Amino acid sequence: MAFRQPRLRALAAALASLAVLAETSGAWAQDDPEGERATPALPTVVISGSKRDQRLDSLNGAASVAERTELEDAQAASTLDLARVFPDLTLSYSGSQLFPIVTLRGVTSAQDFYNPALTVYVDGVPQLPVSAIQSLVDVERVELLKGPQGTLYGKSAQGGVLNIVTHQPDGTPQAIVRAGVSSHGGYQAQANVSGPLVRGLLYGSVSLAGSKVPGELDSPLLGDGVGGVRSQVGNFKLRLAPTGSPWEMGLSGGRDCANGKQDVYAPYDAIGSRTAYVMDGISAEFHNVRQRRCVNAVAARGQYQWDDWQLSAVVSGQRLSIEREFLFGPQYSWQPERWRQNTQELRLSTRPRDPQAASSRNWDGVFGLYRQQVNQCRHYTIDMVAPARAPFLDSQSRNKGESVSAYGDVTWYVAPKVDLSAGLRVSRDRAGTNFAGDLMGSPVAGDRSTRQNTWLGRIGAGYRFAPQWRGYVNVAQGYKPAGYALAPTSAADAEGFERERSTSYEIGARYTSGSLRMSMAAYRVDTRDAQLYGDSNMGYQTLKNVGDTRSTGLEFSADWDATRDWTLGATGFVSDAKFRRYTDSSACTDCNGNHVPLVPAHGLTLSAKGRVRLGDTVLRPRIAARYVGAHYFDTANTLRQGGYTLIDAGLAWMPVRGLEVAFYVNNLADKDYRTYGFSYGPMGNFAQVGTGRTMGVTLTYAY
């Protein structure tokens with residue numbers, strides 16, 4: 001690992017000091033005869049991201065969990081807001097909310113717009129890459145699994161997996177209504193109703209939500225607040241679960257639409273003006289910048305339990321449409337798209353074991369079969385509109401992909417304190433592209449296909465040093481399959497790209513006492529044949545394998561119940577991600593040793609949360625300061641964003657039972673920073689601007 005020993009010793013000393021403080025405060029609470037200062041015992045955290053219900057403290061790997069209350073306190077209305085609850089996750093977008101930029105542990109999607117380095121799942125269903133940024137509706141918790149998760153989740157999970165778990169209707173009637181307004185005309189509204197339809201047999205729920213996130217840029221030509229988005233969401237769930245029966249079935253469906261003026265940028269060195277760039281002399285008929293994305297989704301589920309086993313099946317379908325047109329420089333572009341995804345998964349897993357039972361088995365496992373089909377069709381048109389209108393590019397493309405996999409993952413409890421785990425996955429991936437068109441009078445065409453088998457493995461071990469301490473080691477693999485660019489602009493796109501593979505080596509530990517929860521991990525992730533856009537000519541790049549990268553890092557997280565009313569938190573990381581080998585001279589002639597784009601060198605978040613009783617009411621104040629270290633936006637390391645600090649604060653007040661009023665301010669200091677940047681030849685450099693100071697109030701009523 002590329003870290004100096006003094007840093008490691010200082011971190012170890014700090015963590016040890018926290019543990020001593022926790023033991024001292026725990027003993028102090030036990031000596032309190034009236035129990036007034038005692039911290040209530042926290043419930044055991046169980047995650048489903050390992051594809052079987054498993055205690056977080058028994059996982060041989062790093063993961064973080066955010067429950068509903070934490071999400072609401074952070075005003076996390078969409079997946080784009082999850083960096084507030086997962087500080088080591090970098091999540092932004094590149095020009096348009098269609099294309100998320102995800103970075104975790106030095107593994108980044110960077111310029112690979114259609115293939116994020118982290119896959120988003122909702123109730124076990126993978127989301128299309130162009131809908132990874134979506135509204136969070138009726139969510140119970142979000143699990144972030146860190147590092148390659150290829151053996152369980154297959155392709156495009158080198159950085160990790162974001163597993164979203166929503167509320168499932170049951171026999172308890174429940175209604176939650178949430179509404180709020182924020183500065184610059186923002187708003188959010190959400191209503192969730194669930195409960196029994198036929199008691200003891202059938203349960204259902206309905207959720208509706210709408211929101212507006214104002215844009216950060218103004219323009220005398222495009223209007224004010226460009227770059228924002230409006231969302232409307234509706235979904236339903238039906239659950240057939242006869243009382244006392246070992247089986248149940250479920251059906252869910254929904255629609256999520258988002259629209260706004262996207263694909264707008266500010267000059268790179270003038271983001272403080274928050275003025276969108278528009279070239280002079282462009283006719284008013286081309287000032288209509290707009291984007292609309294709608295996705296319809298449906299899923300059917302079933303499960304059967306017996307003795308120590310559970311058989312589960314999930315079948316899902318997603319249909320997505322995109323209408324997109326925008327102006328940049330002297331060019332106006334139309335880019336409509338249609339997506340279709342179908343998935344099927346059959347899974348057999350052990351049910352949670354009771355270690356205290358005399359007949360308890362000494363192993364757990366999950367085994368499954370998985371199939372995913374994705375079809376995309378796209379029309380890509382660009383016209384030159386200055387100094388005169390002229391056709392530039394017109395191409396139509398169809399891309400198809402299919403992945404069929406079998407996997408298994410087993411944990412063997414060798415002794416009460418020792419366990420060993422291993423996983424294996426074999427995938428058969430197929431990809432094909434067919435496109436034809438014209439670029440400035442020259443034909444643009446290609447018709448190719450490829451198929452490939454991929455084997456992935458994982459091994460791990462855990463050891464419980466003491467009731468509060470558990471350590472683990474883990475070696476895991478992930479990959480992106482071979483394929484073709486989904487936005488072809490030249491015949492070179494028919495050449496495609498080869499498979500990208502990642503291998504992670506990790507050692508970590510967790511500590512849990514009555515008043516302190518703490519975790520730490522050191523890792524190294526080696527990636528071969530990284531898939532990135534190579535050419536520097538933004539908009540007409542070719543996706544290719546550009547070389548090898550290595551990311552080494554150290555991360556920690558701690559929450560300490562300093563008193564009965566206050567919890568202090570600290571989360572930090574140090575990351576060093578570089579190109580060990582860079583082979584694409586079209587983008588950079590000497591990029592060996594350069595930093596991987598979109599990877600902050602370090603980060604630190606400090607927080608304080610309270611639960612203070614004031615008479616007959618409860619106040620929940622919170623404040624968090626999140627520092628994001630310096631990073632680059634390009635492989636040549638010429639576009640740099642310096643480190644910056646964002647301060648968020650809030651106060652929630654419950655005047656009566658069931659009603660909560662929350663006041664908040666995000667980016668309290670109104671810090672200017674960039675979330676994405678690029679160079680566009682002689683036109684200069686441009687950037688996306690981060691969200692400025694936002695103040696708001698939210699009311700939540702729960703029945």
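Residues numbered from 1 in each chain as written. Predicted model: local features only at pLDDT ≥ 70, side-chain atom pairs only at ≥ 80, totals over all residues. Heavy atoms only, no water.

1. A word on the environment of L152
And step 1. Relative to the helices and strands, L152 resides in helix α3 (residues 150-153).
And step 2. Counting along the chain gives 306 residues from L152 to R458, while the straight-line C-alpha distance between them is 9.5 Å.
And step 3. Once you skip the residues sitting within four places of it in the chain, L152 turns out to touch G49, S50, K51, V366, Y407, D409 and R425. (Helix = DSSP H or I, 4+ residues; strand = E, 2+ residues; numbered from the N terminus. Contact = heavy atoms within 4.5 Å.)

2. Regarding a nonpolar patch on the surface
And step 1. On the surface, L197, V198, L201, V206, L208, F236, L238, L251 and V298 cluster together into a nonpolar patch covering about 730 Å² of accessible area.
And step 2. Only β12 (186-198), β13 (202-213) and β16 (229-240) provide two or more residues apiece to the nonpolar patch.
And step 3. Mapping V298 onto the fold places it in strand β19 (residues 290-306). (Patch = residues over 30% accessible without salt bridge, like charges linked within 9 Å, V, L, I, M, F, W, Y side chains within 5 Å. Areas by Shrake-Rupley, 256 points an atom, 1.4 Å probe, with all protein chains shown as cover. Salt bridge = Lys/Arg side-chain N within 4 Å of Asp/Glu carboxyl O.)

3. Quick look at a positive patch on the surface
And step 1. Among the surface-exposed residues, R319, R340, R398 and K400 lie close enough to one another that they form a single positively charged patch.
And step 2. Following the sequence through the fold, R319 ends up in strand β20 (residues 309-328). (Lys, Arg positive; Asp, Glu negative; His and termini not counted. Charge placed at Lys NZ, Arg CZ, Asp CG, Glu CD.)

4. Quick notes on the pattern of salt bridges
And step 1. The full count for this structure, using the stated rule, is 36 salt bridges.
And step 2. Two residues, E325 and R290, come together in a salt bridge whose shortest N-O distance is 3.0 Å. Of this pair, E325 sits in strand β20 while R290 sits in strand β19, and the two are 35 residues apart along the sequence.
And step 3. R290 gets classed as partly exposed once you look at its relative accessible area, which sits at 34%.
And step 4. One salt bridge in this structure joins R361 and D364, with 2.5 Å as the shortest N-O distance. The residues R361 and D364 share a single accessibility class, namely buried. (Buried < 20%, exposed > 50% of the residue type's maximum accessible area, 1.4 Å probe, protein only.)

5. As for the environment of S586
And step 1. In this structure, S586 sits in the loop between β31 (566-582) and β32 (602-610).
And step 2. Looking at S586, the relative accessible area reads 36%, which means it is partly exposed.
And step 3. The spatial distance from the C-alpha of S586 to the C-alpha of L456 is 32 Å, given a sequence separation of 130 residues.

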